[in-house]
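Residue-level structural notes
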Amino acid sequence: VESCNLCVHRLDNGQGTTACQDACKHQAITFGDLKDPNSDVSRALQQYPSVQIRADLKLNPGVRYANI
């Protein structure tokens, strides 16, 4: 089993989405640059409350979950 690498190979090749985004028919996955306030993911985080899973570990993976 391989860990998720956020589709770095796809993004490095100019594709703008991850495989998970393409596979999700509900468009429930948002991906982008958390440091860019104008990115889709930054705007979504401003609009919807979110949490980190296992924030107690202080790993700050950059993955957030909304509505849980």
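Residues numbered from 1 in each chain as written. Predicted model: local features only at pLDDT ≥ 70, side-chain atom pairs only at ≥ 80, totals over all residues. Heavy atoms only, no water.

1. Quick notes on the overall build of the chain
Condition: Only DSSP runs of H or I covering at least 4 residues are called helices, and only runs of E covering at least 2 are called strands; the numbering of each starts at the N terminus. Only protein chains enter the calculation, and the probe is 1.4 Å; a residue is then buried if its accessible area is under 20% of its type maximum, exposed if over 50%, and partly exposed in between. The criterion used for residue contact is that any of the two residues' heavy atoms lie within 4.5 Å. Only the protein chains shown count as cover for residues, with accessible areas throughout obtained via the Shrake-Rupley method and a probe of 1.4 Å. Only four residue types enter the charge count: Lys and Arg as positive, Asp and Glu as negative, with His and the chain ends excluded. Lys charges are placed at NZ, Arg charges at CZ, Asp charges at CG and Glu charges at CD.
Of regular secondary structure, the chain possesses 3 helices and 2 strands. In terms of overall dimensions, the chain has a C-alpha envelope of 35 × 30 × 25 Å along the principal axes. Counting every position in the chain, which comprises 68 residues, the buried fraction comes to 12%. Put simply, 4% of the contacts in the chain that link residues at least 6 apart link residues at least 24 apart. Carbon and sulfur atoms make up 51% of the accessible area of the chain, which totals about 5800 Å². Each charge sign in the chain was given a centre, from 7 positive and 7 negative side chains, and these centres are 7 Å apart.

2. Side note on unusual backbone geometry
For Leu6, which is not glycine, the phi torsion reads 55° and is therefore positive. With phi around 55°, Cys7 is a residue other than glycine that occupies positive phi space. Tracing the backbone through its elements, the reader meets Cys7 in the segment before α1 (8–12).

3. Quick look at the pattern of salt bridges
Selection rule: Each salt bridge in this description consists of a side-chain nitrogen of Lys or Arg and a carboxyl oxygen of Asp or Glu lying within 4 Å of one another.
Evaluated as defined, the whole model comprises 3 salt bridges. Ionic pairing is found between Asp40 and Arg43, a salt bridge with its closest N-O pair at 2.6 Å. Of this pair, Asp40 and Arg43 both sit in helix α3 (residues 40–47), 3 residues apart, roughly one helical turn. On the basis of relative accessibility, which here comes to 48%, the residue Asp40 falls in the partly exposed class. A relative accessible area of 42% means that Arg43 is categorised as partly exposed.

4. Here we look at the side chain of Gln21
Within the fold, Gln21 resides in helix α2 (residues 19–23). Other than its neighbours up to four places away in sequence, Gln21 contacts Gly16, Ile29, Thr30 and Phe31.

5. With respect to the environment of Gly16
By the secondary structure assignment, Gly16 is in the loop between α1 and α2. Residue classification places Gly16 among the exposed residues on the basis of a relative accessible area of 65%. Sequence-wise, Gly16 and Phe31 are 15 residues apart; in three dimensions their C-alpha atoms are separated by 9.1 Å. Those residues in contact with Gly16 that lie beyond four places of it in its chain are Leu11 and Gln21.

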